[in-house]
Amino acid sequence: MVEGILSLPKTFTGNRALMLEEPLIFERQSSGGGVDIDDKVLDGKTTRLGELEREDNIGLPDLSEPDVVRHFVRLSQKNYAIDSGIFPLGSCTMKHNPRLNEKMARLDGFADIHPLQPTSTVSGALALMDMLAHWLKTLTGMPGIALSPKAGAHGELCGLMTIGSALEARGERSSRTRVLVADSAHGTNPATAALLGFDVTAIPTTPDGRMDVEAFGAEVDKSVAAVMLTNPNTCGLFERDCKRIADDIHEIGGYFYCDGANFNAMIGKVRPSDLGVDAMHLNLHKSCSTPHGGGGPGSGPVVFSEALTPYIPVPFVIRDNNGYKLVEQIEDAGESMPFGRLAGFHGQMGMFVRAMAWLMSHGADGLRQVAEDAVLNANYIMSRLQDVMTTPFEGPCMHEAIFDDRFLKAYDIETLDFAKAMIDEGYHPMTIYFPLTVSGAMLVEPTESESRASLDLFIDTMRHLASIVQSGKKDLFTKAPVYAPRRRLDDTAAARNPVLRWHKRL
Amino acid sequence: MRYLPHTNADRRDMLDVIGVSSVDDLFVDVPPEAHLEELVDLPHAMSELEVERVLGQLADRNISARNWPFFIGGGAYFHHIPASVDHLIQRSEFLTAYTPYQPEIAQGTLHYLFEFQTQVAMITGMEVANASMYDGSTACSEAVLMAHRVTRRPKAVLSGGLHPHYRAVCETLSRFSGHTIVSADCHGVAEDVTALANLVDDETACVVVQTPNVFGSLTNLSNLAESAHEKGALLIAVIPEIISLGLVKPPGDMGADIVVGEGQSVGNSLQFGGPYLGLFATKGRFVRQMPGRLCGQTVDEEGKRGFVLTLSAREQHIRRERATSNICTNSGLCCLAFTIHMALLGEIGFKRLAAVNHARAVHLADCLAEVPDVEVLTDSFFNEFTLRVPGDGAQIIEALVGMQIFGGIPGERLFPGALACKDKIIVAATEMNSDEDCEIYADRLRSVLQVNQQERAAHG
């Protein structure tokens, strides 16, 4: 096919730029025969598949290595990432991902060990799990830990199952049917409680952005199994009455579950144990860097108070005079009473190594500085923007600054429009419309990774955008983004008529 | 501390701008008694070199699959990963990106998720797949929950050949969510599909059956699917070794309603158990009951094709306490590795890789069957099978470790207390094993058994 130079690969912008349009891998022309595999072993061999041979054509394209490499490199160029610039997603903690962590996780002794090889051959891995457990227990002041949960939400599941088991042991599982959840909580909190058969009671937020302690007090009685609170909460604020909430729930024999997604603000500065917490998950893939990889994998260890420690799930590592032992079965758990198993193997080992590298790189002194700098950066952003944007709450914030849409409403601009305009300025937008308790919320989390210069540039850009809001140039917001691989995408069409895979055109 | 960009002068200036005198003024909402002064029992910051030294020493205390001939499977498999896979997933734009909440600047992630969903649907023979789950075991337990939602029935039947850890995960979740599990016994290494079908009644939401099962046996699901459907139950097929589907008839062609599996084998290393890659595929009509993230195709304002996360109303984002699942993430980077590796393999490469795995396992089985008193129990298998050995399987595996070989999984480790498993070893082979490895294994097993026999004679 000979065509003029102008019909060469199309670009996003229509210009002959380096950013190329990329088809689906299934739409590329066949160019090779797949990875070379030494297949001499196949000569003259019979099969033992019990007449279950696959006969159909699967439909996978056969491409050469250069074509595959180019395909994925071009795709990568359509992504914004923390290594490209500030990624101020509130509640997501997008901080610098040190490459040292990646290098450590790829050592053969960590990457190529099997979860079921004899434990005598993995003493280093067990020692690393024990070391990570020690650090996390020390940083939180909690005596027990379950390492196996694979994400924050999985940790919540683990935490509430442990609470359920403790109640069962007390003979109160059937009488304590309710879980109280702050209405500003992550959506996974009520979902987790509901999944485990608890009735969820939402506790409202006060005008100062904290859980309403009076409303909470009115709901606390002996039908309550637990309260689930995020601290610092999703408005970026510290729950001042945390201790009182803990005391009240303990008073009636319930448990205090703390969503630890925002541990970044407390690490080395505040121990959850000193706040009366009974169970709290830690998002290692957030608080301790580790790559987010477009949304996963995660890792969500849960720390526990004395009261809940006996019930934590298998597997876990124990240390005795003979070294480390991996307890995989409930029957081998000695005096503890694990509630069961949450995942196939021992947890996100690859993430444990990354988190450990990050923790050691900072040390106790550096971790304290992490929390201080994260909080300092958020307050700096809030202070420098509160004259041009609107903030729903008074006083200092923790590691994330929250704004509402009052400064946009008068000009008929939505939070979403403002966020899309940030894309055209070269930034990834902050978290928007969360928490649900704040109108048109914008939750900005800079983390400790951003330098003052990078914060100033970001703030200047935001100020510039805020000033344009009042100028009447509404198009700049409603038409944005213009300078992105795609203009606004039609979510409604995607949901109404879901197209979830490619099909060969017949 | 090298990751923290501020100087003390920066910090002072910034505090001035905020209008407070010290950083602790920003922590004013923390109750005074909860302020932590210092952490005495954790070390201070380490240099990059020191961290490498400490972690390198820990890594050196482990014996990796690269060190010795390696024959362990059981739901995690040692395969070759082409160099390009790790190169590409380490590109910053993939590695350090987040959930694609702003699709216009996350088309790279969304585009490969759409390709991943297509690959998984094609390979399993199903109509749709999601953008991955935590791992195979959690995908399996979520499939059981989904079957309860679809059928509104309270009971799940699990086959005896289901990986015991997968079973434990399903049992844990079901116990707390108030559902009933009926577990079939596994008397032999092959599934008794008739016995399994007999456990299905009007209350049964699903039958869960793994193929190849934990002993390596392949199962024809067709009749089981038919009898489950006759009674209004769904068939959930569990595929722990996804490479098997390059050679074996896919579960979708045998009537499965939901297919879950472990995708670690493609593009992801063993990592002592995680992170792994849960695969989840189903029929189109169940799509709104499927858990996890979904990427869908749409158009932008200019009519150009683009991709977004879709159908999230099923998730916790919006429905909260009415959510179908509390899952809120996927294994993004692991499914990218899968997608790239699968793209590199292509149709020819994937089928050839599967054929090589099977041929290695057949060769290994033939070598081991020659060892006196050792019996290969599995008739039809993919790359894993079960041996009956004279004596205690766990002791034999330890003795093999003494001879620098990883000989498989003692049945007892997976089924503690089960007498029938004490003399069984589950053995896997992949393209990583050479002919020589297989012969070395047979030789060393022979000598271990000889020593055992001599000891028995001496004591006997």
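As a reminder, the structure under discussion sits directly above these lines.
Scope of this entry: the structure provided in the associated data block. Computed from a predicted model, the values in this text were never measured in an experiment.

1. Structural notes on the overall build of chain A
Inference 1: When helices and strands are tallied, chain A shows 15 helices and twelve strands.
Inference 2: Against the compact-globule benchmark of 23 Å for 506 residues, chain A has a radius of gyration of 26 Å, which places it among compact chains.
Inference 3: Considering only C-alpha atoms, chain A reaches an extent of 80 × 75 × 45 Å along its principal axes.
Inference 4: Pairs at least 24 residues apart make up 70% of the contacts formed inside chain A by residues separated by at least 6 positions.
Inference 5: About 17,400 Å² of surface is accessible on chain A, with carbon and sulfur atoms providing 49% of the total.
Inference 6: Here chain A carries 49 positive and 65 negative side-chain charges, and the mean point of each set is 4 Å from the other.

2. So, the state of the cysteines
Inference 1: Throughout the structure, instances matching the rule amount to zero disulfides over all chains.
Inference 2: Unpaired in terms of disulfides, A:Cys258 finds its nearest cysteine sulfur in A:Cys242, a separation of 6.2 Å.
Inference 3: Residue class for A:Cys258 comes out buried when judged on its relative accessible area of 2%.
Inference 4: Here B:Cys206 is not disulfide-linked; the sulfur of B:Cys170 is the nearest cysteine sulfur, at 8.3 Å.

3. Describing the interface of chain A and chain B
Inference 1: In this assembly, 214 residues from chain A lie in contact with 194 residues from chain B.
Inference 2: For the pair chain A and chain B, the summed buried area comes to about 17,600 Å², and 63% of that belongs to carbon and sulfur atoms.
Inference 3: Contact with chain B buries surface across chain A, with A:Arg48, A:Arg54 and A:Leu500 losing the most and accounting together for 5% of the total.
Inference 4: Run the count over chain A and chain B and you get 18 salt bridges.
Inference 5: Across the salt bridge formed by B:Lys304 and A:Glu21, the nearest N and O atoms sit 4.0 Å from each other.
Inference 6: Inspection of the chain A/chain B interface yields 94 residue pairs in polar contact (both at pLDDT 80 or more).
Inference 7: The element contributing the most residues to the side of chain A that touches chain B is helix α10 (residues 349-385) of chain A, with 28 residues.

4. What to know about the packing of helix α4 (residues 123-140) of chain A against helix α2 (residues 48-60) of chain B
Inference 1: Where α4(A) contacts α2(B), the two axes come as close as 7 Å, and the packing angle between them is 135 degrees. In terms of orientation, α4(A) lies oblique with respect to α2(B). Residues A:Gly124, A:Ala127, A:Leu128 and A:Met131 of α4(A) lie in contact with α2(B), whose contacting residues are B:Val54, B:Leu55 and B:Leu58.
Inference 2: Looking at the contact of α4(A) with α2(B) residue by residue, the class counts come to six nonpolar, one polar and no charged.

5. What to know about the packing of aromatic side chains
What characterises a pair of aromatic rings is the spacing of the ring centres plus the angle enclosed by the ring planes.
Inference 1: Evaluation of the coordinates by the stated rule reveals 17 aromatic pairs over all chains.
Inference 2: On the basis of an interplanar angle of 10 degrees and a centroid distance of 5.1 Å, the ring pair of A:Phe26 and A:Trp502 is categorised as stacked. Here the residue A:Phe26 occupies a position in the segment before α1 (65-76), and A:Trp502 occupies one in the segment after α15 (491-496), the gap between them amounting to 476 residues. The two residues A:Phe26 and A:Trp502 agree in class, both being buried.
Inference 3: Where B:Trp68 meets B:Phe406, the ring centres are 5.0 Å apart and the plane angle is 35 degrees; that geometry is what we call tilted. With a gap of 338 residues between them, B:Trp68 in the loop between α2 and α3 (83-89) and B:Phe406 in the loop between α12 (393-402) and β12 (409-410) connect regions that are remote in the sequence. For the pair B:Trp68 and B:Phe406, one class covers both residues: buried.
Inference 4: Each member of the aromatic cluster is reached from another via a ring pair, and the members are B:Trp68, B:Phe70, B:Phe78 and B:Phe406.
Inference 5: Lying across the ring of B:Phe27, A:Lys269 places its NZ or CZ 4.6 Å from the centre.

6. What to know about the layout of surface pockets
Residue and element names in this part refer to chain B.
Inference 1: By volume, the second largest pocket amounts to about 640 Å³.
Inference 2: In terms of lining residues, the second largest pocket is bounded by 32 residues, among which Pro-164, Arg-167, Leu-414, Phe-415 and Pro-416 are the most central.
Inference 3: Looking at the lining of the second largest pocket element by element, the count peaks at seven residues for helix α7 (residues 164-177).

7. Concerning the sheet that holds strand β7 (residues 302-304) of chain A
Residue and element names in this part refer to chain A.
Inference 1: Taken together, the seven strands give an open sheet; going across it, the order is β1-β7-β6-β5-β4-β2-β3, and neighbouring strands pair in mixed fashion. Both outer strands of the open sheet, β1 (144-146) and β3 (199-203), are each paired with one neighbouring strand and no more. Within the sheet, the average angular offset between the axes of one strand and its neighbour, ignoring direction, is 20 degrees.
Inference 2: Of the strand pairs in this sheet, strand β2 (residues 178-182) and β3 are connected by five bridges, and their pairing is parallel. If you follow Val-179 over to β3, its bridge partner there is Val-200.

8. What to know about the environment of A:Ile381
Residues and elements named next belong to chain A.
Inference 1: Mapping Ile-381 onto the fold places it in helix α10.
Inference 2: A relative accessible area of 0% places Ile-381 in the buried class.
Inference 3: The sequence separation of Ile-381 and Met-462 amounts to 81 residues, and the corresponding C-alpha distance is 9.9 Å.

9. As for the side chain of A:His114
Inference 1: Residue placement: A:His114 occurs in the loop between α3 (108-111) and α4.
Inference 2: By relative accessible area, which is 0% here, A:His114 ends up buried.
Inference 3: Within the structure, A:His114 has its side chain in polar contact with the backbone nitrogen of A:Leu116 (distance 2.8 Å).
Inference 4: Here B:Ala76 takes part through its backbone oxygen, which lies 2.8 Å from a polar atom of the side chain of A:His114.
Inference 5: Here A:His114 is in contact with B:Phe70, B:Ile72, B:Gly73, B:Ala76, B:Leu270 and B:Phe272, once residues within four sequence places are set aside.

Conventions used here
Residues numbered from 1 in each chain as written. Chains lettered and ligands numbered in written order. Predicted model: local features only at pLDDT ≥ 70, side-chain atom pairs only at ≥ 80, totals over all residues. Heavy atoms only, no water. Helix = DSSP H or I, 4+ residues; strand = E, 2+ residues; numbered from the N terminus. Rg over C-alpha atoms; globule rule 2.2 N^0.38 Å. Contact = heavy atoms within 4.5 Å. Areas by Shrake-Rupley, 256 points an atom, 1.4 Å probe, with all protein chains shown as cover. Lys, Arg positive; Asp, Glu negative; His and termini not counted. Charge placed at Lys NZ, Arg CZ, Asp CG, Glu CD. Disulfide = S-S within 2.5 Å. Buried < 20%, exposed > 50% of the residue type's maximum accessible area, 1.4 Å probe, protein only. Buried area = accessible area lost by both parts, 1.4 Å probe. Salt bridge = Lys/Arg side-chain N within 4 Å of Asp/Glu carboxyl O. Polar contact = N/O pair within 3.5 Å; in protein donor to acceptor, adjacent residues only side chain to side chain. Axes fitted to C-alpha atoms, helices over the stretch in contact; angles between N-to-C directions. Parallel < 35°, antiparallel > 145°, perpendicular 65-115°, else oblique. Nonpolar A, V, L, I, M, F, W, Y, C, P; charged D, E, K, R; others polar. Phe/Tyr/Trp six-rings, centres within 6.5 Å; stacked < 30°, edge-to-face > 60°. Lys NZ or Arg CZ within 6 Å of the ring centre and 35° of its normal. 1 Å grid on protein atoms, 1.4 Å probe; cavity = no way out; pocket = protein on both sides within 12 Å on 5 of 7 lines; lining within 4 Å. Points joined across faces, edges and corners; volume = space filled by probe spheres on them. Pairing = 2+ DSSP bridges.

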